[in-house]
Amino acid sequence: MKNWQIDLSDAEQTVALGARLARACQQASVIYLAGDLGAGKTTLSRGFIQGKGHQGKVKSPTYTLVEPYQLGEWRVNHFDLYRLADPEELEFIGIRDYFADDCLCIVEWPEKGLGFLPEADLLVELVYCGEQRRAEISALTEQGQQIVEWLSQNEA
């Protein structure tokens, strides 16, 4: 499977990468976001959601677990599982309903939902590189591979 990486010097570049990722996702997709606190997961999610056409503020779903957006033909579901105490709690919010054929799902802290989340198409790891960040994007499925190829061929 393919991997791709890009250095991000600031929050604006992280938002721009999220928007590029949104353009690359042309079919239902699951994207896992990994990285330390403050690495830029929510910033990347904001760029993705705005890249799909959302106007206005993008709320972090830290306390609600999921923030859904209806954007044209897509339902974009932004999950933040940081405060999830037990993965079984996902059953109570009807987790399976959020991963339909018309959904693009971004999951922050996916390791907290293991066993209850579907397989991801992409893993985006945001790592610190001094004052900057690096996004390391790994394709985990054939569809993820197509997204990574699009990203690598369509530079900002």
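In this report, the structure presented in the accompanying data block is examined. (Residues numbered from 1 in each chain as written. Predicted model: local features only at pLDDT ≥ 70, side-chain atom pairs only at ≥ 80, totals over all residues. Heavy atoms only, no water.)

Comments concerning the sheet that holds strand β3 (residues 66-71)
Thought 1: Here we have seven strands laid out as an open sheet, ordered β1-β7-β6-β2-β5-β4-β3, and mixed in their pairing. Because the sheet does not close on itself, it has two edges, and the strands there are β1 (3-8) and β3. The sheet shows a mean angle of 15 degrees between the axes of neighbouring strands, direction not considered.
Thought 2: Sheet topology places β3 next to strand β4 (residues 74-80); six bridges connect them, and they run antiparallel. In the strand pairing of β4, tyrosine 69 is matched with valine 76.
Thought 3: With respect to the sheet, helix α1 (residues 11-24) is in contact with β1, β2 (29-35), β6 (122-129) and β7 (132-139), its orientation differing from that of β1 by roughly 150 degrees.
Thought 4: Across the face of the sheet, helix α2 (residues 41-51) comes into contact with β2, β3, β4, β5 (103-108) and β6 while running at roughly 165 degrees to β5. (Pairing = 2+ DSSP bridges. Helix = DSSP H or I, 4+ residues; strand = E, 2+ residues; numbered from the N terminus. Axes fitted to C-alpha atoms, helices over the stretch in contact; angles between N-to-C directions. Contact = heavy atoms within 4.5 Å.)

Let's talk about the side chain of aspartate 80
Thought 1: Secondary-structure assignment places aspartate 80 in strand β4.
Thought 2: Comment: no salt bridge for buried aspartate 80; closest opposite-charge side chain is arginine 83, at 7.4 Å.
Thought 3: In terms of polar contacts, aspartate 80 uses its side chain to reach the side chain of threonine 62, at 3.1 Å.
Thought 4: Of note is the side chain of aspartate 80, whose polar atom sits 3.0 Å from the backbone nitrogen of tyrosine 82.
Thought 5: Setting aside anything within four residues of it in sequence, one finds aspartate 80 in contact with Ser60, Pro61, Thr62, Leu65, Glu108 and Trp109. (Buried < 20%, exposed > 50% of the residue type's maximum accessible area, 1.4 Å probe, protein only. Lys, Arg positive; Asp, Glu negative; His and termini not counted. Salt bridge = Lys/Arg side-chain N within 4 Å of Asp/Glu carboxyl O. Polar contact = N/O pair within 3.5 Å; in protein donor to acceptor, adjacent residues only side chain to side chain.)

Keep in mind that these numbers describe shape and distance, not what the molecule does.
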